[in-house]
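Take a look at the letters that make up each chain.
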Amino acid sequence: MSSLVQVLSCLDGYDPDALHVDKAREAMRACITPIRDTEVVPIRNSLGRVLAQEIVPRINVPAHDNSAMDGYAVRHADIDKPLAEIGSALAGRPFNGSVGPGQCVRIMTGAVMPAGSDTVVIQEVVKRQGDHIVVPPGQKRAQNVRYAGEDLKIGVPVLQPGKLLRPAELGLIASLGIAEVRVKRKLRVAFFSTGDELAAIGKELKAGEVYDSNRYTLHGMLERLGVEIQDLGVVRDDPAALEAALRKAATADAIVTTGGVSVGEADFVKQLMAKLGEVLFWKIAMRPGRPMAFGRIGDAFLFGLPGNPVAVMVTFYQFVRDALLHLSGRSDDYAIPLLNAIAAHNIRKVPGRTEYQRGVLYKDAAEWKVRTTGQQGSGVLRSMAEANCFIVLEHERGAVKAGEQIKVQLMEAVA
Ligand code: AMP
Ligand code: MG
């Protein structure tokens, strides 16, 4: 295994002391090889998992030509004359004869097209005359018919390994009659908070203490990524305690820590992490979240996030999420989309770092506008709770004027 430093020496523009956010993401991806282990699970348990096989249909979907509407199955060549109704076709109960010249069959949505018929005329436009029907002019041949294999065709691959399995994929796999799929095993992620000032929730707060909130935001973010989590609690700012925690966590696929990487504390953490594995300390040109550690300890990749609660969430969403999805074997495009919105007011910004301000995207007449949530301090977690998007102010950009177009990333879209 080559060292991380060796891997990164080949990366253009890699500067650990002034790392562009895109480079940080690129650097992590370059160092991480996706996991290989797979398992077979029933499709109901595959939601949110990463597909590890190709899905190739062994049947056509739909399996037969069928009607898209309620109406009459007819022979298009005959519809200028009244047609004799000779039977009916229902979903799951096909008509057993065939439609001859001058004949039609009553048909319901999803029913197999009877032999001899080629077109469906919707019931609303048809006039009845005794046991005959009269079809108005203007019907197109083959209208309202769904063809066999129109959705999925025998032998044509439909899902590739690395695809995230969402409700649509579960249904699609089920439509092929497949009951179990091979998926990548779940990632195991261990995490802990560091800091002598941290108090556990439920306890009385002593002077100078803060409640450990980071472990709860991390719990939520990791849970949503669908990984197996191992919560190692709070670790005091003490080398022996930190070493024990890191050794314990090193059997996971990834370790996420918060706190302890800012300038005042970095030294003992640095020494210790360097002793246990290979860990790089980065200064990322971003706000919030400038200091960050990335490396490898034992079998695990280490993400050492800053301690400030907003910085934790921003660095998680901007880097850890991406790195873990890469590690999990995802091959579809999982980058968070950048969408345009109009700045509702001026926003202060200096060039030379990427900022992730917390914003509220809202509709104003025909336009989508975005405002900040106000106070943007990296300890103001309320700014995350009030936000529905990140306002992404690019590295080169300076101050934003009201009315300018800026980029946003939605925090939730279709859950
Ligand atoms: P650090 O990066 O350890 O210097 O922490 C920076 C700031 O974040 C300090 O004000 C800490 O009190 C705060 N902080 C660190 N860890 C946590 C945590 N787990 N929960 C809430 N705040 C934290
Ligand atoms: Mg600390």
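No experiment lies behind these values; they were computed from the predicted model shown.

Regarding the site of ligand 1
The full set close to ligand 1 counts 15 residues, and E197, D212, S262, E265 and G307 are the nearest of them. Between D212 and ligand 1, the recorded distance is 2.7 Å, taken from a side-chain N or O atom to a nitrogen atom. Within the complex, 80% of the 480 Å² of free accessible area of ligand 1 lies under protein. With respect to the pocket detection grid, ligand 1 is positioned in the second largest pocket. Its residues assigned to classes, the shell around ligand 1 shows four nonpolar, eight polar and three charged.

Digging into the pattern of salt bridges
Scanning the model with the defined rule gives 24 salt bridges in all. Between K23 and E26 there is a salt bridge, with its nearest N and O atoms 3.2 Å apart. Linking K23 with E26, this pair stays in helix 2 (residues 21–31), spanning three residues, or about one helical turn. Across the salt bridge formed by E169 and R166, the nearest N and O atoms sit 2.8 Å from each other. What makes E169 buried here is its relative accessible area of 5%. Within this structure, D37, R185 and D253 form a network of salt bridges that share partners.

Side note on the layout of surface pockets
Taken as a whole, the largest pocket spans an internal volume of roughly 1,600 Å³. What lines the largest pocket is a set of 42 residues, and nearest its centre among them are L164, R224, L225, R321 and V414. Where the lining of the largest pocket is concerned, the elements lending two or more residues are helix 4 (214–225), helix 7 (309–327) and strand 24 (405–410). The dominant element in the lining of the largest pocket, judged by the number of residues it contributes, is helix 7, at six residues.

With respect to the side chain of Q143
Among the structural elements, Q143 can be located in the loop between strand 8 (132–134) and strand 9 (145–146). Take Q143: its relative accessible area is 17%, and that puts it in the buried class. Every residue in contact with Q143, bar those within four places of it in the chain, is listed here: T119, V120 and V121.

A closer look at the state of the cysteines
All chains considered together, the criterion is met by zero disulfides. Here C31 is not disulfide-linked; the sulfur of C10 is the nearest cysteine sulfur, at 10 Å.

Points about the packing of helix 2 against helix 7
Across the interface, helix 2 lies against helix 7 with an axial gap of 9 Å and an inter-helix angle of 25 degrees. Overall, the two elements helix 2 and helix 7 adopt an arrangement that is roughly parallel. Regarding helix 2 and helix 7, the two cross each other, and that crossing is right-handed. In this structure, helix 2 uses V21, A24, R25, M28 and R29 to contact helix 7, whose residues at the interface are Q318, F319, D322, A323 and H326. Of the residues assigned to the contact of helix 2 with helix 7, the class counts are five nonpolar, two polar and three charged.

Things to note about the sheet that holds strand 14 (residues 228–235)
Overall, mixed pairing links the six strands, which are arranged 14-11-15-19-18-16 in an open sheet. Looking at which strands have only one partner, the edges of the open sheet turn out to be strand 14 and strand 16 (277–283). The sheet shows a mean angle of 15 degrees between the axes of neighbouring strands, taken without regard to direction. In this structure, strand 18 (residues 291–297) lies alongside strand 19 (residues 300–305), joined through five bridges in antiparallel fashion. Paired with A293 across the bridge in strand 19 is G304. Contacting strand 11 (188–194), strand 14, strand 15 (254–258), strand 18 and strand 19, helix 5 (residues 239–249) crosses the sheet at an angle of about 175 degrees to strand 14. Most of the contacts of helix 7 go to strand 19, to which it runs at about 170 degrees, and overall it touches strand 11, strand 15, strand 18 and strand 19.

Remarks on unusual backbone geometry
With an omega of -10 degrees, the peptide bond between V61 and P62 qualifies as cis. Among the secondary structure elements, P62 is positioned in the loop between strand 1 (38–42) and strand 2 (66–67). Omega for the peptide link from R287 to P288 comes to -5 degrees, which places this bond in the cis form. Tracing the backbone shows P288 in the loop between strand 17 (286–287) and strand 18. Unusually for a residue other than glycine, A142 sits at a positive phi of about 75 degrees. Relative to the elements of secondary structure, A142 occurs in the loop between strand 8 and strand 9. Although it is not a glycine, N144 sits at a positive phi angle of roughly 60 degrees.

So, the packing of helix 5 against helix 6 (residues 266–276)
For the pair helix 5 and helix 6, the least separation of the axes is 10 Å and the interaxial angle reads 40 degrees. Between helix 5 and helix 6, the crossing angle belongs to the class labelled oblique. The handedness of the crossing between helix 5 and helix 6 is right-handed. Taking contact as the criterion, the partners of P239, L242, E243, L246 and R247 in helix 5 are, on helix 6, F268, V269, L272, M273, K275 and L276. Looking at the contact of helix 5 with helix 6 residue by residue, the class counts come to eight nonpolar, no polar and three charged.

Parameters at a glance
Residues numbered from 1 in each chain as written. Chains lettered and ligands numbered in written order. Predicted model: local features only at pLDDT ≥ 70, side-chain atom pairs only at ≥ 80, totals over all residues. Heavy atoms only, no water. Near = heavy atom within 4 Å. Polar contact = N/O pair within 3.5 Å; in protein donor to acceptor, adjacent residues only side chain to side chain. Areas by Shrake-Rupley, 256 points an atom, 1.4 Å probe, with all protein chains shown as cover. 1 Å grid on protein atoms, 1.4 Å probe; cavity = no way out; pocket = protein on both sides within 12 Å on 5 of 7 lines; lining within 4 Å. Sits in = over half its atoms within 2 Å of the grid points. Nonpolar A, V, L, I, M, F, W, Y, C, P; charged D, E, K, R; others polar. Salt bridge = Lys/Arg side-chain N within 4 Å of Asp/Glu carboxyl O. Helix = DSSP H or I, 4+ residues; strand = E, 2+ residues; numbered from the N terminus. Buried < 20%, exposed > 50% of the residue type's maximum accessible area, 1.4 Å probe, protein only. Points joined across faces, edges and corners; volume = space filled by probe spheres on them. Contact = heavy atoms within 4.5 Å. Disulfide = S-S within 2.5 Å. Axes fitted to C-alpha atoms, helices over the stretch in contact; angles between N-to-C directions. Parallel < 35°, antiparallel > 145°, perpendicular 65-115°, else oblique. Left-handed = near helix turned anticlockwise from the far one by under 90°. Pairing = 2+ DSSP bridges.

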